[in-house]
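Each chain, written out:
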Amino acid sequence: MSAFVADTDPLAAFEQWFARAQLSNAAADIVALATASADKVPAVRFVNYKGMYAGAFTFYTNYESRKGGHLALNPRAALAFHWPQLKMQVTAEGDCRPLPPDRSDAYFASREREVQLTTCASRQSRTLDSFDTFERRIEALRIEYAEREIPRPPSWGGMMLTPSRIEFRISGEHRRHRRWLYERKTSGWAMSELYP
Ligand SMILES: Cc1cc2nc3c(=O)[nH]c(=O)nc-3n(C[C@H](O)[C@H](O)[C@H](O)COP(=O)(O)O)c2cc1C
């Protein structure tokens, strides 16, 4: 853990710990994402973390989903990773905004065609009258794009959460856990240790 104390860049520390977590945990990239509605009602769900971009945590989603609606009106969000093999939790808070469209295009283009069809057909978080309707939407898109590349739907793409606060926590014996909090200042980060 001394690496943390010495490290003045929490994003670099995160990258190191994430790389370690991936060695022992196939689900290291699963992260809880909390958002809140404009009237401050919170909601949480898991998403796939897709790496750092321009100092931000990224993930992909439907911009018209429930979370997308929250983030459009209230960009403040929080993330929580848990890597039990490392006895570690990382939490981060900050503002979310969409990734540049060219990045979303590139990621969408890299996905399997069947997943692209699913993504286009899913009106994420809206009410579905029957699963058949969804499957019919997929088959209609399959015919529409039979001989063509499937374009990324504008309602789907990446989000980037630029952290203003990141906390690393490692479980210790007798619950003497260690917690390091990084808070963004006008230049750089301030680090402090917290009681467990
Ligand atoms: C392991 C796991 C990974 C998931 N990854 C994503 C993801 O990367 N993007 C996404 O939009 N939903 C993902 N989901 C689904 C979300 O948890 C959620 O059900 C969905 O995004 C709708 O959330 P909302 O109605 O709050 O917008 C994942 C679910 C699980 C269980």
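Everything below is about the structure shown above.
Overview of the structure. The model shown is predicted, which means the values in this text are computed figures rather than measured ones.

**Observations concerning the pattern of salt bridges**
Thinking step 1. Evaluated as defined, the whole model comprises 8 salt bridges.
Thinking step 2. For Glu64, the salt bridge goes to Arg126, with nearest N and O atoms at 3.1 Å. You can see Glu64 sitting in the loop between β4 (56-62) and α3 (66-73) and its partner Arg126 sitting in the loop between α5 (113-121) and α6 (131-144), a full 62 residues away along the chain.
Thinking step 3. Here Arg179 makes a salt bridge to Glu167, at a shortest N to O gap of 2.7 Å. Taken together, the residues Arg179 in strand β8 (residues 178-184) and Glu167 in strand β7 (residues 156-170) connect sequence positions 12 residues apart.
Thinking step 4. Among the residues examined, Glu167 registers a relative accessible area of 8% and is labelled buried.
Thinking step 5. Among the charged side chains, a network of salt bridges with common partners joins Glu93, Arg165 and Glu183.

**Brief notes about α5**
Thinking step 1. All buried positions along α5 are accounted for by Gln116, Leu117, Thr119, Cys120 and Ala121.
Thinking step 2. On its buried face, α5 is in contact with α4 (101-110), α6 and β7.

**A look at the side chain of Ser155**
Thinking step 1. Mapped onto the elements of the fold, Ser155 is located in the loop between α6 and β7.
Thinking step 2. You can call Ser155 buried: its relative accessible area is 18%.
Thinking step 3. Not counting the four nearest positions on each side in its chain, Ser155 is found in contact with Thr61, Asn62, Tyr63 and Glu64.

**Looking at the side chain of Ser65**
Thinking step 1. Take Ser65: it is sitting in the loop between β4 and α3.
Thinking step 2. Given a relative accessible area of 3%, Ser65 falls into the buried group.
Thinking step 3. Beyond its immediate stretch of four places on either side in the chain, Ser65 contacts Gln124 and Ser125.

**Here's the deal with unusual backbone geometry**
Thinking step 1. Positive phi, close to 75 degrees, is recorded for Lys40, a residue that is not glycine.
Thinking step 2. Counting through the fold element by element, Lys40 comes out in the loop between β1 (30-36) and β2 (42-48).

**Looking at the site of the ligand**
Thinking step 1. Lining the immediate environment of the ligand, one finds Ile30, Arg45, Phe46, Val47, Asn48, Tyr60, Thr61, Ser65, Arg66, Lys67, Gln124 and Ser125.
Thinking step 2. Residue Asn48 places a side-chain N or O atom 2.8 Å away from a nitrogen atom belonging to the ligand.
Thinking step 3. Within the backbone of Tyr60, one N or O atom sits 2.8 Å away from a nitrogen atom of the ligand.
Thinking step 4. Starting from 620 Å² of accessible surface for the ligand in isolation, the protein chains cover 63%.

**With respect to the environment of Phe46**
Thinking step 1. Checked against the element boundaries, Phe46 lands in strand β2.
Thinking step 2. Looking at Phe46, the relative accessible area reads 65%, which means it is exposed.
Thinking step 3. Taking the C-alpha atoms as reference points, Phe46 and Pro151, 105 residues apart in sequence, are found 26 Å from one another.
Thinking step 4. If we ignore the near neighbours within four places in the chain, the residues touching Phe46 are Ile30, Val31 and Ala32.

**A look at the pairing of strand β5 (residues 76-83)**
Thinking step 1. Side chains Ala77, Leu79, Phe81 and Trp83 of β5 all project onto a buried face; the interleaved residues Arg76, Ala78, Ala80 and His82 project onto a face where none is buried.
Thinking step 2. Judged from the 3 bridges that link them, β1 and β5 form a sheet pairing that is antiparallel. Note that in β5 the partner of Ala34 across the bridge is Ala78.
Thinking step 3. Where β5 hands over to strand β6 (residues 88-98), the hairpin turn is made up of 4 residues, of which Lys87 adopts a positive phi near 55 degrees.

**Points about the environment of Pro151**
Thinking step 1. Relative to the helices and strands, Pro151 resides in the loop between α6 and β7.
Thinking step 2. For Pro151, a relative accessible area of 44% puts it in the partly exposed group.
Thinking step 3. For the pair formed by Pro151 and Ala109, sequence separation is 42 residues and the distance between their alpha carbons is 7.8 Å.
Thinking step 4. The contacts of Pro151, once residues within four sequence positions are left out, are Phe108, Cys120 and Tyr145.

The rules we used
- Sequence positions are assigned chain by chain, starting from 1 and proceeding in written order.
- Local features in this predicted model are restricted to residues whose pLDDT is 70 or higher, and side-chain atom pairs enter the listing and the counts only when it is 80 or higher, whereas totals over whole chains, interfaces and linings include all residues.
- Note that water and hydrogens are dropped before the side-chain values are worked out from all heavy atoms of the structure.
- When a carboxyl oxygen of Asp or Glu is within 4 Å of a side-chain nitrogen of Lys or Arg, the pair counts as a salt bridge.
- Put simply, DSSP H or I for four residues or longer makes a helix, DSSP E for two residues or longer makes a strand, and each gets a number counted from the N terminus.
- Summary of the burial criterion: residues with accessible area below 20% of their type's maximum are buried, those above 50% are exposed, and those between are partly exposed, where the area comes from a 1.4 Å probe applied to protein chains only.
- It only takes one pair of heavy atoms within 4.5 Å for two residues to be counted as in contact.
- Near residues are defined by distance, with any heavy atom within 4 Å of the molecule or strand qualifying the residue.
- In the analysis that follows, any N or O atom pair within 3.5 Å is treated as a polar contact, provided that within protein one partner can donate a hydrogen and the other can accept it, and provided that, for residues neighboring in sequence, both atoms belong to side chains.
- Method for areas: the Shrake-Rupley scheme with a 1.4 Å probe, in which residue coverage is limited to the protein chains shown.
- A pair of strands is labelled paired if DSSP reports no fewer than 2 bridges between them.

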